[in-house]
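Read off the chains here:
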Number of protein chains: 2
Amino acid sequence: MSQIKAFCFDVFGTVVDWRRGVAREAARFFHGHGLEHIDAHQFADTWRSLYQPAMQACRNGERPYTRLDVLHRENLEKALRSFDVDITTITEAELGALNLAWHRLDPWPDVAAGLARLKTKYIIAPASNGNIAIMIDLARRGGLPWDAILGAEVTQAYKPAPQAYTRMAEILGLAPGEVCMTAAHNNDLHAARQCGLATAFVTRPTEHGPAQSTDLEPSESWDIVAHDFNELAGKAAL
Amino acid sequence: MSQIKAFCFDVFGTVVDWRRGVAREAARFFHGHGLEHIDAHQFADTWRSLYQPAMQACRNGERPYTRLDVLHRENLEKALRSFDVDITTITEAELGALNLAWHRLDPWPDVAAGLARLKTKYIIAPASNGNIAIMIDLARRGGLPWDAILGAEVTQAYKPAPQAYTRMAEILGLAPGEVCMTAAHNNDLHAARQCGLATAFVTRPTEHGPAQSTDLEPSESWDIVAHDFNELAGKAAL
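Residues numbered from 1 in each chain as written. Chains lettered and ligands numbered in written order. Predicted model: local features only at pLDDT ≥ 70, side-chain atom pairs only at ≥ 80, totals over all residues. Heavy atoms only, no water.

You'll find chain A entered in an unreviewed UniProt entry as 2-haloacid dehalogenase, with Paralcaligenes ureilyticus given as the organism.

So, in structure tokens, the structure goes:
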């Protein structure tokens, strides 16, 4: 703990409640288009499920790094089609506006206060696969006092690619062990640990809704385990 | 003015007083090494004078993008040698510590308040040739409430290369005309305007010391001209 100088954070799920936020925005859209029969939470899950495959094409070199706003926009059409929505009836501007759902997500209630406490002692930055414009909007909306926006658009690598972690430490001018990756996802922390980073697991048992079955417990002995960002800040102050 | 959504800032000279800060750090170093005969302000000017040539090698493709901390470190040895300092008597750790002078610069007195006012209406970010770690340290030291750290390490381009400006707008998800480049240097604004950005000139008549002869006046009809960041915030609120 004594060597840690920066905490870097996964964002979707760990910092913000993407499922509820995307469902809220989608429900508004469906209401305006006579599509109220679509379950907005199910739609959010479908849209989100296309996220990993889209990044995988960038990770394995099939396509160059492409920012998440672009991937989300492509996936939005796929998601709408999977619910039998006739895309041709929706304008480009309306699709663009709905794509901004990912810019309008609220943080979990403990986040802003926990980050403010951590910032008094550590550098804090998002290490998200989301691009900078998304992170700026989420920070302004949720009062997240980041020192910098790091993540995929800066490292040009999508987690869990090793470069996403190693380049982040290099950019901060720190050794990997001086950076603590914080996430609600064991696989993110596993990849970070492989690169020598410290690890903090924060449980988010309702990220995927009330019936969530994944990431309810730490899968390895992470350096810190906490139930929210206030507990994390308390343990980090030791 | 009504279309501007983000203000991006040159930092060395415009936001922080690099000459006084580097001279202060260098004077401390010289004092510890029996080198008090060296004029610390002259040394700061010499170190700074090697900045443009070093970046030029990156701009014209002779070497890949290399972060400014590395260029500063290379230039530090050249600067010391030009004052006949025997580098072999100085440890690597001491040189590394002196190189952090660029992380310990104070903002001009109007900056923090002006930025806080601008942030209520606009996205604000540094658009510096300095790398992210320098910008984080300057922001924490000076209380600069950036929404994100942009600049050379994010765009992988050194101003005044056009990509330094165009990629910045693209990253923000904005049209070039929605971004206002703010600088105390006419050439920076000239390059930004060529790329379609809005422009704000803030005079810093003592950046180069009491006898400064450059950038005392706007060389073109920039969209905003102000004497400090408070005046800038006032004009931007119109």
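Q: In this structure, what is going on with the side chain of Gln212(A)? I would like to understand it.
A: All names here are of chain A. Its place among the elements puts Gln212 in the loop between β5 (198-202) and β6 (224-226). Overall, Gln212 belongs to the buried group, its relative accessible area being 10%. A polar atom in the side chain of Gln212 sits 2.9 Å from the backbone oxygen of Thr214. Look past the residues within four positions of Gln212 in its chain and what remains in contact with it is Arg204, Pro205, Thr206 and Glu207. (Helix = DSSP H or I, 4+ residues; strand = E, 2+ residues; numbered from the N terminus. Buried < 20%, exposed > 50% of the residue type's maximum accessible area, 1.4 Å probe, protein only. Polar contact = N/O pair within 3.5 Å; in protein donor to acceptor, adjacent residues only side chain to side chain. Contact = heavy atoms within 4.5 Å.)

Q: Even after reading the chapter, I still don't get the relation of the copies chain B and chain A, so can you show me in this structure?
A: There are two copies of the chain, and a rotation about an axis plus a shift along that axis relates them. Rotating chain B by 180° and translating it 0.0 Å along the rotation axis places it on chain A, where the RMSD comes to 0.0 Å. Each copy turns onto its partner about a two-fold axis. Take the interface residues of chain B: 100% of them recur as interface residues in chain A, which is what a same-surface contact looks like. (Least-squares fit on C-alpha atoms with pLDDT ≥ 70 in both.)

Q: Can you walk me through the packing of helix α6 (residues 111-119) of chain B against helix α11 (residues 229-236) of chain B in this structure?
A: Angle between the axes and distance between the axes: these two values describe a pair of packed helices. Residues and elements named next belong to chain B. Taken N-terminus to C-terminus, the directions of α6 and α11 make an angle of 15°; their axes are 7 Å apart at the nearest point. Classified by the angle between their axes, α6 and α11 sit roughly parallel to one another. When the axes of α6 and α11 are compared, the crossing they make is left-handed. In this structure, α6 uses Val111, Ala113, Gly114, Leu115, Arg117 and Leu118 to contact α11, whose residues at the interface are Phe229, Asn230, Leu232, Ala233, Gly234 and Ala236. Taken together, the residues of the contact of α6 with α11 sort by class into 8 nonpolar, 3 polar and 1 charged. (Axes fitted to C-alpha atoms, helices over the stretch in contact; angles between N-to-C directions. Parallel < 35°, antiparallel > 145°, perpendicular 65-115°, else oblique. Left-handed = near helix turned anticlockwise from the far one by under 90°. Nonpolar A, V, L, I, M, F, W, Y, C, P; charged D, E, K, R; others polar.)

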